Amino acid sequence: GQQVMQIPQYQHVQEGEDFTTYCNSSTTLSNIQWYKQRPGGHPVFLIQLVKSGEVKKQKRLTFQFGEAKKNSSLHITATQTTDVGTYFCAGQDTSGSRLTFGEGTQLTVNP
Amino acid sequence: EAQVTQNPRYLITVTGKKLTVTCSQNMNHEYMSWYRQDPGLGLRQIYYSMNVEVTDKGDVPEGYKVSRKEKRNFPLILESPSPNQTSLYFCASSFRASNPAFFGQGTRLTVV
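Residues numbered from 1 in each chain as written. Chains lettered and ligands numbered in written order. Predicted model: local features only at pLDDT ≥ 70, side-chain atom pairs only at ≥ 80, totals over all residues. Heavy atoms only, no water.

S.K.: Tell me about the interface of chain A and chain B, and please be specific about residues and values.
M.R.: Facing 19 residues of chain A, the contacting portion of chain B comprises 22 residues. Summed over both partners, the interface of chain A with chain B buries about 1600 Å², with 51% contributed by carbon and sulfur atoms. Among the residues chain A hides against chain B, the three largest losses belong to His42(A), Arg98(A) and Phe101(A). Together they make up 32% of the total. On the surface where chain A and chain B come into contact, there are one salt bridge. The partner of Asp59(B) in a salt bridge is Arg98(A), and the shortest N-O contact between them spans 3.0 Å. Counting the contacts that link chain A with chain B gives eight residue pairs in polar contact (both at pLDDT 80 or more). Residue assignment for the side of chain A that touches chain B shows that the elements contributing at least two residues are strand S4 (29-37), strand S5 (44-49), strand S9 (85-93) and strand S10 (99-101) of chain A. Top element by residues in the side of chain A that touches chain B is S4(A). It accounts for four residues. Split by residue class, the side of chain A that touches chain B holds six nonpolar, eleven polar and two charged. (Contact = heavy atoms within 4.5 Å. Buried area = accessible area lost by both parts, 1.4 Å probe. Salt bridge = Lys/Arg side-chain N within 4 Å of Asp/Glu carboxyl O. Polar contact = N/O pair within 3.5 Å; in protein donor to acceptor, adjacent residues only side chain to side chain. Helix = DSSP H or I, 4+ residues; strand = E, 2+ residues; numbered from the N terminus. Nonpolar A, V, L, I, M, F, W, Y, C, P; charged D, E, K, R; others polar.)

Written as C-alpha cells, this is what we have:
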C-alpha cells in the first residue's frame, strides 16, 4: 500500500533559525496536505497542494510539491515559539479515497 | 460552530470490555475517518467512510468496527479491547476524501 515518509522525526532550533521538514511518498499522489498539531491538541489543516511543482506561501511558511508529485516540503523562515508543534504531511492517493499521513516532525523552538 | 465532536475525551477500561467512542460532525460532510496516533508512528487510518452505509478498512483495522447509519455520526467500536489498543484516537471529517479534514479533539484510551 501507499507509504508516506517524513523526516526528520524531531527538530530543535533556536528562535529565529529556519526549519524544514520533508515528505516522500512511495507512489504518485493526487494532492498533498499539511497539518499542524500543537502539544496536547488535534491536527489542524494548514494547506493543500495539488499541482506538480506547486509552491505556496503563508507568511513565514513555504510549501512545495515536487514535479513528480511524490514529495513535498514545508519550510519555516525565522522560527518563533508559536511555531512549536508537530507538522504532518498527508498524501492522497490517485483513487481519491485514502489520505495517508507521514510520521510527523516534532518542532521545538528555544527562545 | 462547525465542529467534530468526540466522546469521551478520556477513557480507562479493562481488557475485553466492549466500548464505543462516538464521533459526530455538524458540517454535512460525506467523508469521515478514524485514526490512531502513537509516538513515532504518526496518524494511522483505522477505518473510513465515503458516505452513509459505505465503510472501508484503513491501514490498521484489526480489532475495530465502525458503522455509518447517519451522515453525521461515525462511531468506533472496540468489541474486545486489548492493551495494544491503548492510544490517542482522532475522528476526522471532510466534504470529500480530497478535501481538507477537520479533526475532533481526540480520545485518549487506556486499556489495562
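S.K.: Describe the state of the cysteines, and please don't skip the residues or the numbers.
M.R.: Counted according to the given criterion, the structure contains two disulfides over all chains. The disulfide partner of Cys23(A) is Cys89(A), and the gap between their sulfur atoms is 1.9 Å. Classification of the bridge connecting Cys23(A) and Cys89(A) rests on its S-S torsion, roughly 75°, and on that basis the disulfide is right-handed. Note that Cys23(A) is positioned in strand S3 (residues 19-25) and Cys89(A) in strand S9, a separation of 66 residues in sequence. Across the pair, exposure class does not vary: Cys23(A) and Cys89(A) are buried alike. The residue that forms a disulfide with Cys23(B) is Cys91(B), at a sulfur-sulfur distance of 1.8 Å. Where Cys23(B) bonds to Cys91(B) through sulfur, the torsion about that S-S bond is close to -70°, and the disulfide is left-handed. Residue Cys23(B) is found in strand S3 (residues 19-25), and its partner Cys91(B) is found in strand S9 (residues 87-94); the two are separated by 68 residues along the sequence. Pair check on accessibility: Cys23(B) and Cys91(B) agree, each one buried. (Disulfide = S-S within 2.5 Å. Buried < 20%, exposed > 50% of the residue type's maximum accessible area, 1.4 Å probe, protein only.)

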